[in-house]
Amino acid sequence: MSARMILRRIRAYGAHVGLLAALGLVAALLVTAAPRLADGYADAGLRADVNRLPHQVRDVTIAVAMRPDRPGTAAAGQTSLDGFAEALPQPLPALVDRRWYAAALPEEQLRATGDEPPMNGGAVKNIGLRAQTGVPEAAELTAGRWPRTPGGGAAELAVSAAVAETLSLRPGTRLRLAGPQGVAQAQVVGVFTARDAGDHVWDDLRLALDPLVPVADGDPYLAGAVTDWTGLDLVSAASGVAADHSWRYRLDERRLDTSMLAEVTEAVTHSRRIEWVPESTVQTSLDSALSRFADQLRTVRALLAVVQAGLIASVLGLILLAARLAVRRRRDELALLRARGAALATIGGRTLAEAALVQPLAVLVGVLIGSRVPGPAHGLPWLAVLLAVSTTAVVPVLAMVAHRRVATVTGRSDVVRQRPSVRRLTAEASVLMLAGLGVLLLRRRGLDTAGGVDAYLVSVPVLVALAAALVAIRLLPWPLRLAGRFGARARGAVLFLGVARAGRGAPVALGPLAVLIVAVSTGVFGAVVTTNVSAARDRAATLTVPADALLTGYSFAPDAGAALTEVSGVRAVARMWVDSNRRLLSGTEVGARSFGQARVLVVDGAAFAEVVARSGVDVDVPAALRTAVRADTPVPALVSTQVAAELDGAAVADVQGRLYGFRVAGVVDTFPGVGLGVERFVVLPWQALTEYAYAPIVPNRYLVAGDDIDRARLLAVADDAQRRRQSDVLGVEVTRPELPAALETWRAYRQSLARTGANEVLTLTFTAGAVGGTALALLAVGFTVIADAAGRGRMLSRLRTLGMSAVHGRRLLVYELVPLVVVAAVVGTVVGALLPRLLGPTLGLSAFVPDVALPQRLDPLVVGGVLALVVLGLVAGLVVESLVNRRQRLGEVLRLGEENG
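Residues numbered from 1 in each chain as written. Predicted model: local features only at pLDDT ≥ 70, side-chain atom pairs only at ≥ 80, totals over all residues. Heavy atoms only, no water.

## Focus: the packing of aromatic side chains
- In total, this model carries eight aromatic pairs according to the counting rule given.
- Taken together, a centroid distance of 5.2 Å and an interplanar angle of 35° make the contact between Y101 and W247 tilted. Taken together, the positions of Y101 in strand β2 (residues 96-105) and W247 in strand β10 (residues 244-251) put the pair 146 residues apart, joining distant regions of the chain. With respect to class, Y101 is no different from W247; both count as buried.
- Consider the rings of F608 and F671, whose centres lie 5.8 Å apart with planes at 25°: the pair is stacked. Of the two residues, F608 is situated in helix α23 (residues 605-615) and F671 in the loop between β17 (658-668) and β18 (681-685); the sequence distance between them amounts to 63 residues. For the pair shown, F608 and F671 are each scored as buried.
- Taken together, the ring pairs in this structure connect F84, Y101, W229, W247 and W276 into an aromatic cluster. (Phe/Tyr/Trp six-rings, centres within 6.5 Å; stacked < 30°, edge-to-face > 60°. Helix = DSSP H or I, 4+ residues; strand = E, 2+ residues; numbered from the N terminus. Buried < 20%, exposed > 50% of the residue type's maximum accessible area, 1.4 Å probe, protein only.)

As structure tokens, this is what we get:
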């Protein structure tokens, strides 16, 4: 055929050609955009995870602990700073962003005294010294100058404004720094403030910026000071404290991407095996963090492959249905060509020439659109090439298969073969066998994609859905036959005709049903996993923050609760005390023997229940905690399973140094407020414990219920309560708490669980599965209506001559579609809901939920979504039918003999 004739044929069948082209574009978009978008989210998640790591984990630090008998010169290490960076295993040198060299004397070994108060009395003052590159550039002097220690004189120091205020230091103050072997002389020459306290140059100088004040009698002040290389050498030699030298390299997370995970992990691990200097160690855990992320990423990529396989299978099924529809539309034309002597190759070449002008271009457009999606660039995926070839060849192949025999009489399409052929039975049995074998292999081997995606294993959910469709199509005639008998007795012919047409295979055929079941099961699978993961994260958030907010600190004044409730937005508070590694004793206080340690939580049961109720979190406070009262008998307690297994009768728990007897009132696996992953714990009711005015139980946490809480005011009140408590203990006025109060809200913690690791990729995966499966299911219903539009048009035209109204015509279509849509919805929902249980731990979803069991349940929202899908499917069918009827003009179908629409 000439190009003009090909274009004419394309124009004549533009609707069918355009439909196939649109589906090819969508399929190409799926195979191109989904991996690109997923990799983009994965790269962003990796960088965010690395950025959140503490510097001890993410930075590569080469450290040398010098021995007293081998003193060194602190300044000498500066010359190795750049050399060590270049010598790091590849590709680390290109990732190094900032670098620091430092020499330090630990504060635990240097005791500072002076000639003026408070340095010459009161609590012990331990001051560490550090000389480090980059400090002067990151700070601003407020008084004095930077240290320039002269040889043989006193070491010159610079301190932060906070240290100067806490220890009453100023330029000119002379200090004595006592070590294990002598005393070094020092003098403060400057006071500075950090330009940016969050700058990573201060990571190892936190005590220099924020000194720690004593909390109890006997505790020392802990502070830090900055000196120069000469000053550090002088103090080290005079005091006998050996300096620790370190070269720290900070990797730029913005230069990292998931394609480098294996190389960077191996390079960091290899850096530990290099002897940089004698007796050096490399301090970092970045390789472990990257390995954990890589494990999550492999899991989520396998899950993405599963969802993508379901969506692509649905699209390919729609393409096959559209190709069959196009061949049926041209049945008379192609049969006439065969009758006139045309060979199969001629028919194939004719249809191939038409498809070759459209389908590759449509696939290419889909690839180009997908390449515009944010994410790392990928080459032309081989699946896109395969799509271009298959969508171009599908119509020619079906046309040749349909007209392999010359025929002049069109067979009836409303008759269903009662006995399937041996070939079909063999194919169906093969699908069932492949699905069963795939489930067994998947449960045994998992979905690990470390060696690449296994196309068979990721297609197992699709095979299971196809197997379910085969079973459904075999079982469906029985209920349809019963419905037909009921319809024959019912008043009117509409129900009987609709059920009869459905029973004869129009529209309930294997193709449309299989596509619908695969699409629905993919959507339900994504929705079920998403809701289960979300429920597990909700549970994890509730176990960590069992209220609207959790206020934490070191120790609050016993009466802090009243002041906290006066803060704007606070409705109720509940005091708590929790500490790890507390002694547990079996028996009574006298003669009790230890049987290990556990985390002990003391909570005011009644207040706890009130805060939980006002916060609206899902927490059941046992009556044993709510109603416990003070008595001479052991208090009721909740204990973990491990602790309960070791108890024999009465037991005693250590609470802030006092022993309290308790009895087991309940055994639980978890309890809100104890924390995640804690296997040994005891929960005691605060109101039942005996307290004394001189030794009350001091809370270190408060549960807070409230909306729009004034966060700044709440933290200020909490820190004031901590200062009052420390001042009472020390007997002196304390200006700042040892540990500033922190506020964690339930909402913020819950959101953080979804922002770590590859969680955003997981969310994208199952959201795409749920939305894509729903959309493809609706398209499948529309295809089903279009596929039999001609036959239905002829029937409606005949029935209209007998007086059938348009309303009855729409009702007839609903009766035809109900078996298809309902069966697909039910079977697809069952398959989608069972897949997480069937595949079990092979999905690896536990990596995305911290220390909480993943629930296996069908959320009512998912069921409601499926019911809505059934309604939408029927509505979509009615809309498509209306459009087709308007185009066909039913009144002319019989007169014009448009048997194929």
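## So, helix α13 (residues 344-356)
- For α13, with 13 residues, the first-to-last C-alpha span of 18 Å sits near the 18 Å given by 1.5 Å per residue.
- Along α13, the positions that sit buried rather than exposed are I347, G348, R350, T351, E354 and A355. With its buried residues spanning 160° around the axis, α13 presents them on a single face. (Expected span 1.5 Å × (residues − 1). Arc of directions from axis to C-beta.)

## Notes on the nonpolar core
- I127, L129, L169, Y249, F671 and V683 are the most contacted members of the largest nonpolar core, which totals 191 residues.
- Here this core takes 22 residues from helix α11 (residues 286-329), the largest share from any one element.
- Filtering out sequence-adjacent residues up to four positions away, F671 remains in contact with L543, L601, F608, P622, L625, L638, F681 and V683.
- With 23 residues, the next largest nonpolar core counts W577, L647, Y660 and A688 among its residues. (Core = buried A, V, L, I, M, F, W, Y, C linked by side-chain atoms within 4.5 Å. Contact = heavy atoms within 4.5 Å.)

## Some remarks on the packing of α13 against helix α15 (residues 382-402)
- α15 packs onto α13 with a crossing angle of 155° between their chain directions and a minimal axis gap of 8 Å. Accordingly, the angle class assigned to the pair α13 and α15 is roughly antiparallel. Crossing handedness for the pair α13 and α15: right-handed. Contacts from L344, I347, G348, T351, L352, A355 and A356 of α13 reach α15 at T392, V395, P396, A399 and M400.
- Looking at the contact of α13 with α15 residue by residue, the class counts come to nine nonpolar, three polar and no charged. (Axes fitted to C-alpha atoms, helices over the stretch in contact; angles between N-to-C directions. Parallel < 35°, antiparallel > 145°, perpendicular 65-115°, else oblique. Left-handed = near helix turned anticlockwise from the far one by under 90°. Nonpolar A, V, L, I, M, F, W, Y, C, P; charged D, E, K, R; others polar.)

## Here we look at the pattern of salt bridges
- Overall, the coordinates contain 31 salt bridges when judged by the stated rule.
- A salt bridge links D59 to R58; the nearest nitrogen and oxygen atoms lie 3.7 Å apart. Both residues of the pair, D59 and R58, count as buried.
- Because the salt bridges share partners, they merge into one network encompassing R58, D59, R130, D203, D204, R206, R248, R250 and E253. (Salt bridge = Lys/Arg side-chain N within 4 Å of Asp/Glu carboxyl O.)

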